[in-house]
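Coordinate analysis (summary)
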Amino acid sequence: MKQQISICIGSSCHLKGAYRLIEEVRQYVEAHKLIEQVELKANFCVGRCQHAVSVQVDDKPCVQVSEDGIHSFLNEYLKGGA
């Protein structure tokens, strides 16, 4: 079963770099040959605008991820299997 990563692209998240994060995740997935294990999705407002950019892995609670922190996040959730 694929691990699902959903990144909010609502107004707040968009302004705080959601599309850059999507591209970073896409590149990470390709570079680590995780295409068969990870499904990347965009979603609209999840109601956590004050915590943008909101990212959710599977059905875990949304977390705030910045462009600076995306690689740590991916290492934890994809490589570490959190």
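Remember, it's a predicted structure, so these values are computed and weren't measured experimentally. Along each chain, numbering runs from 1 in the same order as the chain's sequence is written. Totals for whole chains, interfaces and linings use all residues, but because this is a predicted model, local features are given only for residues with pLDDT of at least 70 and pairs of side-chain atoms are given and counted only at 80 or more. With hydrogens and water excluded, all non-hydrogen atoms of the structure serve as input to the side-chain values.

**Overview of the nonpolar core**
The nonpolar side chains of a soluble globular protein tend to be buried with one another. Rules: Residues belong to a common nonpolar core when they are buried Ala, Val, Leu, Ile, Met, Phe, Trp, Tyr or Cys residues joined through side-chain atoms within 4.5 Å. Burial classification: accessible surface area is computed with a 1.4 Å probe over protein chains only, and a residue below 20% of its type maximum counts as buried, one above 50% as exposed, and the rest as partly exposed. Under the scheme used here, helices are H or I runs from DSSP no shorter than 4 residues and strands are E runs no shorter than 2 residues, and both carry numbers assigned from the N terminus. Only heavy atoms matter for contacts: two residues are in contact if any of them lie within 4.5 Å across the pair.
With 23 residues, the main nonpolar core has Ile-5, Ile-7, Phe-73, Leu-74 and Leu-78 as its most contacted residues. Within the residue set of this core, elements represented by two or more residues are strand S1 (3-8), helix H2 (18-31), strand S3 (54-57) and helix H3 (70-79). Among the elements that take part in this core, H2 stands out by supplying six residues, more than any other. Residues in contact with Phe-73, not counting those within four places in the same chain, are Val-55, Val-57, Val-63 and Val-65.

**Looking at the packing of aromatic side chains**
Heads up, the rule is: When two rings of Phe, Tyr or Trp (its six-membered ring) have centres within 6.5 Å they constitute a pair, described as stacked for plane angles under 30 degrees, edge-to-face for angles over 60, and tilted for the intermediate range.
Counted according to the given criterion, the structure contains one aromatic pair. Judged by centre distance (4.6 Å) and plane angle (35 degrees), the ring pair of Phe-73 and Tyr-77 falls under tilted. Separated by four residues within a single helix, Phe-73 and Tyr-77 lie in helix H3, roughly one turn from each other. For the pair formed by Phe-73 and Tyr-77, the shared burial category is buried.

**Looking at unusual backbone geometry**
In this structure, the amide linkage connecting Ala-52 to the following residue, Val-53, adopts the cis form with an omega of 5 degrees. By the secondary structure assignment, Val-53 is in the loop between strand S2 (38-43) and S3. With a phi angle near 50 degrees, Lys-33 is a residue other than glycine that sits in the positive phi range. Mapped onto the fold, Lys-33 is located in the loop between H2 and S2. Overall, the relative accessible area of 69% leaves Lys-33 in the exposed class.

**Observations concerning the environment of Val-65**
Structurally, Val-65 can be placed in the loop between strand S4 (63-64) and H3. By relative accessible area, Val-65 is classed as buried at 5%. Sequence separation between Val-65 and Lys-33 is 32 residues; the distance between their C-alpha atoms is 22 Å.

**What about the confidence of the model for the chain?**
The cut-off we apply is this: pLDDT expresses how confident the predictor is about each individual residue, on a scale running from 0 to 100.
On average, residues of the chain score 89 in pLDDT, and 95% of them reach the 70 mark or higher. When pLDDT is averaged over each element of the chain, H2 comes out on top at 95 and H3 at the bottom at 86.

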